[in-house]
Amino acid sequence: MHTAVVMAWLRWRLLVNLLRPTKRRDALERASRAIQVIAPVIFFLIFIPAVILAGFGGGLAGWYLPQSGNFHSAVFLVLRTILSVEFLLALLAPLLRASQGFTPNVSRFLLLPIPVRDLYVSEVLVAFVNPWVALLAAGSLLLPVGMVLAGELSGACTALAAAAGILVLLTGLETLVSTSASLLFRDRRRAEIATFVLMASLAAASFLPGLLTTFGPVKRRLPDEKKIELKAEQRSPGKSKQPEPPGWSGKPLPLWALAYPPELYARCVALSADHRSGAALLPLAPLLLWASGIHWIGAGLYRRILETPEVSSPRRRGRGVVVPWPRLPGLSDAASAVAVAQVRLVFRSVQGKIQFCILPMVILVMGLLWLRHPKDLAPGGHSLPVGLLLAVAGIFFAMMTLEGTLLNQFAMDRAGLTLEFLSPISDRDMILGKAAAGALLVASRSFPAMLVAALLAPGGSVFLWLSLPFAALALFALMAPLGAILSALLPRPVDPGKITKQNQPHFVASILGMLGNLFAMGPIAGLAAGAVFLLESPALALVFVVLWTGIALLISLSLLRLAERLLAQRRENLALVAQGR
Amino acid sequence: MTEPSESVGLALETHGLRRNFGELAAVDGVDLSVPRGTLYGFLGPNGAGKSTTIKCLTGLLRPSGGTMRILGIDPENNPLAVKRRVGVVPEDLALFDRLTGAETLTFVGKVHGLDKATLRSRSKELLDLMDLTAASDNLVSDYSHGMRKKIALAAALLPGPHLLFLDEPFEGIDAVASRQIKDLLHAFVGRGGTVFLTSHILEIVERLCSHVGVIARGKLVAQGSLQSLRQASHDGKNLEEIFLDLVGAGEDRIPQMEWLSG
C-alpha cells in the first residue's frame, strides 16, 4: 500500500511539474507551451463528470435488469459493445503507446528498496487511472449497488465478484501487453520495425471495410421490403415489445465464451440479474481463472524485464569512412549538406517511412473505390478525370504529410541543430538547405502517388497532366518559406523515432500550415478550373499554372529572406528548444 | 571575411563578457586571456557559468554585454569566419541521432567544404584513432556515451581547427580513450593549436593544462599559468587546494551529519 501511495504521489508531482514555468524560456515559448498543456487539463475536467455518469449508468442498469421490462437485450448489447471496446483497448493501447515511445521505465525503481511484487502491483493499480478502465470500474462496481436497490442481493454478490474479475483481468491484460511491448520495444531497431508493422497493419485494416464493401457480394435491400416490415408491424402492434420472460439470459455458458472474457462477464451479470445466481457461478469461475492466469504470466514477464539487462541489436560492420553525400545543383556545400542530412533523417524516422509507403497505397485504394463506383462520386452522373483528380489528391496529401518536417524543420534536428549552429552555415544556407530538403521529400512522396494515379486511370488532357508538376512546385514554393517562418516562431522538441503526437509540430503551426496549404492551392485550382471550364482550353490551364509558378517562386524568394532574418533572431531559442529545454 | 591579425598573441580574449538570464547574471564581466598554443583549463563549481561562457564564445548564446575576439576575429561581426577556424564539443555533444558516425564526419566535412580525398583520409585517421571504425556504420543513437563523445571530438577535429572548445571532454570516457585524447590534445597544441576545456577532474587539468582560469558565481576569480597560480598561493598547494580556496569551499564546510555512521 505504501508503495502504491508513493507511486501515486510521484505521478502527481510529474504532472504538476509539467505545468511549472522554467526560467530558460522566453515569453513566446512559455505561451506556446501553456497552450499545449491546456488540452489535457480540459480532458481531465470532462473526465470527472464522465466517470460519475458511467457510475450512474451502471447503477441504473443494475436496478433495471432484475425487473421485468422490454430492454434487457438492448442493455446487454450496450454492455457487450463497451466490454469489447475495453478489451480491444487493453490489447491495443499499450502497443500503440509503446510504438510512440511510452514504455514503462521501471528499471529506475530497481535501485530503490521496493520489492518487485510491490512494483508490479503499483503498475497494475496505475492502469486504473486509464480513462476507459476508470469508466468501466465506475459502471461495473455500481451495477451491483443498483441490483441491491432492486432487491436482488445474491445476484449483486456474483455481479460484484464478476466486476472485480473483469477489472482485475483488464488491468492485468493491459500490464501484460505493456510489459511485453517493453520487452519488444526496448531495442531501437526492433521497436522501429514493430512500430512500422503495427502502423502499416492498422492502416491496411482501415482500408479493408471500404474494399470489402466495394468488391464483396452486395446484398441489396428490395425497395418494398421496408414497407412490408412496416405493414407487419401495424398488423400486430407491440408484438416485439413483450416483456422479457424469466430465463431471458439464455444458456449459462456457451463453449465459445470460454475464450472471450468479456462475454463471461456479460453472461455472469445476465444470469445474476435473471435470478439465476447459481448458474452465474459457471461463467464467473473461468473469468476469475482468466484473471489469475493473466496476472501470473504478467508478473513473471514483469520480473523478467527487471532482471534482464538492456539488450541491443548486433552492430553493423563499418563499410567505409566516407558515405555518398551528393551535392545538390544550385546550392552551396553547406546548404547541400543541410538538405541531404534532413532527407536522410526523415527517411530514417518511422513516420517518414510510413508516410512514404502509405501514400501510394491510399491513392491506389481511393482509385479502386472510385473506379468501381465512378457515378457515386460524380455530381449529376458526369464522368470525371479520375486519374487527374487522384494525382491532385496525391500532391495535396504529400504536402500534408510533410507537415511534421516542414513546420518544425529546425527543432526536429534536436542536438543536430546545435551542430549546424556551431558549423559555418549561414542563415541563408540553412533556410535554402531546409527548403531543398522539403522539395526533395515532396517529390519523393507525390511522384509515386502521381504514378499510381496515372497507371490506374491514365485518361484526361495531356496539358493538365503536364501542369501537375508545376502546380506542385508552385504550392511548395509558397509553403517552404511559411514552414521556415512557423518553424522559427513555434519550435517544438520532437523525437523522430516516435510517431503521432511525439513527432508533431506545434499545433498552432499545424493549423496555420493547413490554412496556408489551402490558400496556396487556391490560385492554382482557380486558374486551372477557369481555363478548363470557362475558356475550355486545357492548354491554357498549363500556361496559367506555369505563369503562376513563376510568380509563386518570386514571392517565395522574398519570403525566404524574411525567414532568414527571423532565423538569425531566433537561433538561441531554437537551440534551447531543440535540446528539449 | 576579416582575416585574423597574426600579431595578436592571444587565441581568445574577452572584456567584460556578460550574460544574464532575467535577473541572474550567469556570466558577470569575465575577462579571459588565452594565449595561442596553450591548453587552457576553465574550472568552476557546478552552475558557476562555465558552459554559459563557452556557449557565448561559440555563438550559441548572445552575450548581454562585453566584447570577444577569437583568433583575432570579432565573432559577433563575423561568426562564420570564427566557425571555420574553431572546433567545438559542447555539453550536449551536438550530434544528429539518426546519422551514422561516418555520416556525421561526412556532414561536417561537406559543410566545411573539404574535398573528397581529404575528407576520406582525415575521417579514416580519426575513426581509427577513436576506435570507431567498426561502428562507423551504426547510428549515433546506438552509440554508448563514450562513443558519442569520441565521435563528437572527431567531428570537431575533422576540419583542422586552430582552436578547440571542449566542454567536459573526459567525462564518461574510459582510461584508454582518455589517454588517447590527452595525447591527441598535446600533439594538437604542439603544432600551434589552442585548447580551451572545462573539466571537473582537477587531476587531469593539473597534468594536462598549462594555463587555468577559475570562475565562481559568474565571475573570473583567477587566471594565469598553473605555475603562477601555485606561486601566488605561497604554500605549494596543489590545484585542488587552490581551487577550493578560490571558490570558497574550505574545511569549515565539512558536513556534520553524525547519522552517517556507516
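What you see is a predicted model; the values in this text were computed from it and never measured.

1. Side note on the overall build of chain B
Right, on to step 1. Within chain B, the regular secondary structure consists of nine helices and 10 strands.
Right, on to step 2. Of all 262 residues assigned to chain B, the portion counted as buried reaches 54%.
Right, on to step 3. Restricting the contact set of chain B to residue pairs at least 6 apart, pairs at least 24 apart contribute 68%.
Right, on to step 4. Accessible surface for chain B amounts to roughly 11,400 Å². Of this, 50% is attributable to carbon and sulfur atoms.

2. A closer look at the packing of aromatic side chains
Residue and element names in this part refer to chain B.
Right, on to step 1. The tally for this structure, following the rule as stated, stands at nine aromatic pairs over all chains.
Right, on to step 2. Judged by centre distance (5.1 Å) and plane angle (35°), the rings of F42 and F196 are tilted. Of this pair, F42 sits in strand β4 (residues 39–43) while F196 sits in strand β8 (residues 194–198), and the two are 154 residues apart along the sequence.
Right, on to step 3. With a relative accessible area of 0%, F42 lands in the buried category.

3. Quick look at the side chain of B:S178
Right, on to step 1. With respect to the element layout, B:S178 can be found in helix α6 (residues 175–190).
Right, on to step 2. Leave out the neighbours within four places in its chain, and B:S178 touches B:F170 and B:I173.

4. Some thoughts on the packing of helix α3 (residues 101–111) of chain B against helix α4 (residues 116–129) of chain B
All names here are of chain B.
Right, on to step 1. Taken N-terminus to C-terminus, the directions of α3 and α4 make an angle of 140°; their axes are 10 Å apart at the nearest point. Considering their axes alone, α3 and α4 lie oblique with respect to each other. Where α3 crosses over α4, the handedness of that crossing is right-handed. Judged by residue contacts, L105, T106, G109 and K110 of α3 engage L119, S123 and L127 from α4.

5. Digging into the pattern of salt bridges
Right, on to step 1. Using the criterion set out here, one finds 20 salt bridges over all chains in the structure.
Right, on to step 2. One salt bridge in this structure joins B:R19 and A:E572, with 2.9 Å as the shortest N-O distance. Taken as a pair, B:R19 in strand β1 (residues 10–21) and A:E572 in helix α20 (residues 538–578) lie in two separate chains rather than in one.
Right, on to step 3. The salt bridge partner of B:R179 is B:D183, with a shortest N-O separation of 3.5 Å. Note that B:R179 and B:D183 are positioned in helix α6 at a spacing of four residues, about one turn of the helix.
Right, on to step 4. Classification of B:R179 as exposed rests on a relative accessible area of 54%.
Right, on to step 5. In this structure B:D183 comes out as partly exposed when scored by relative accessible area, which is 42%.
Right, on to step 6. Each of A:R80, A:E263 and A:R267 takes part in one network of salt bridges that share partners.

6. What about the pairing of strand β2 (residues 24–30) of chain B?
All names here are of chain B.
Right, on to step 1. Alignment of β1 against β2, held across five bridges, turns out to be antiparallel. Among the inter-strand pairings, N20 is bridged to a residue of β2, identified as A25.
Right, on to step 2. With antiparallel pairing between neighbouring strands as the criterion, β1 and β2 make up a hairpin whose turn holds two residues, including G22 at a positive phi of roughly 65°.

7. Topic: the confidence of the model for chain B
Detailed conclusions should not be drawn from predicted coordinates in areas where pLDDT is low.
Right, on to step 1. For chain B, the average pLDDT comes to 87, and 93% of its residues sit at 70 or higher.
Right, on to step 2. Counting contacts from residues 1–7 of chain B, a segment whose pLDDT is below 50, to residues more than four positions away or on other chains yields 14 contacts.

8. Focus: the environment of B:P159
Residue and element names in this part refer to chain B.
Right, on to step 1. Its place among the elements puts P159 in the loop between α5 (145–157) and β7 (163–167).
Right, on to step 2. For P159, a relative accessible area of 16% puts it in the buried group.
Right, on to step 3. For the pair P159 and K110, spaced 49 residues apart in sequence, the C-alpha to C-alpha distance is 9.6 Å.
Right, on to step 4. Those residues in contact with P159, other than ones at most four positions away along the chain, are V108, H112, L114 and R122.

Here is what the cut-offs are and how they apply
Residues numbered from 1 in each chain as written. Chains lettered and ligands numbered in written order. Predicted model: local features only at pLDDT ≥ 70, side-chain atom pairs only at ≥ 80, totals over all residues. Heavy atoms only, no water. Helix = DSSP H or I, 4+ residues; strand = E, 2+ residues; numbered from the N terminus. Buried < 20%, exposed > 50% of the residue type's maximum accessible area, 1.4 Å probe, protein only. Contact = heavy atoms within 4.5 Å. Areas by Shrake-Rupley, 256 points an atom, 1.4 Å probe, with all protein chains shown as cover. Phe/Tyr/Trp six-rings, centres within 6.5 Å; stacked < 30°, edge-to-face > 60°. Axes fitted to C-alpha atoms, helices over the stretch in contact; angles between N-to-C directions. Parallel < 35°, antiparallel > 145°, perpendicular 65-115°, else oblique. Left-handed = near helix turned anticlockwise from the far one by under 90°. Salt bridge = Lys/Arg side-chain N within 4 Å of Asp/Glu carboxyl O. Pairing = 2+ DSSP bridges. pLDDT = per-residue confidence, 0-100.

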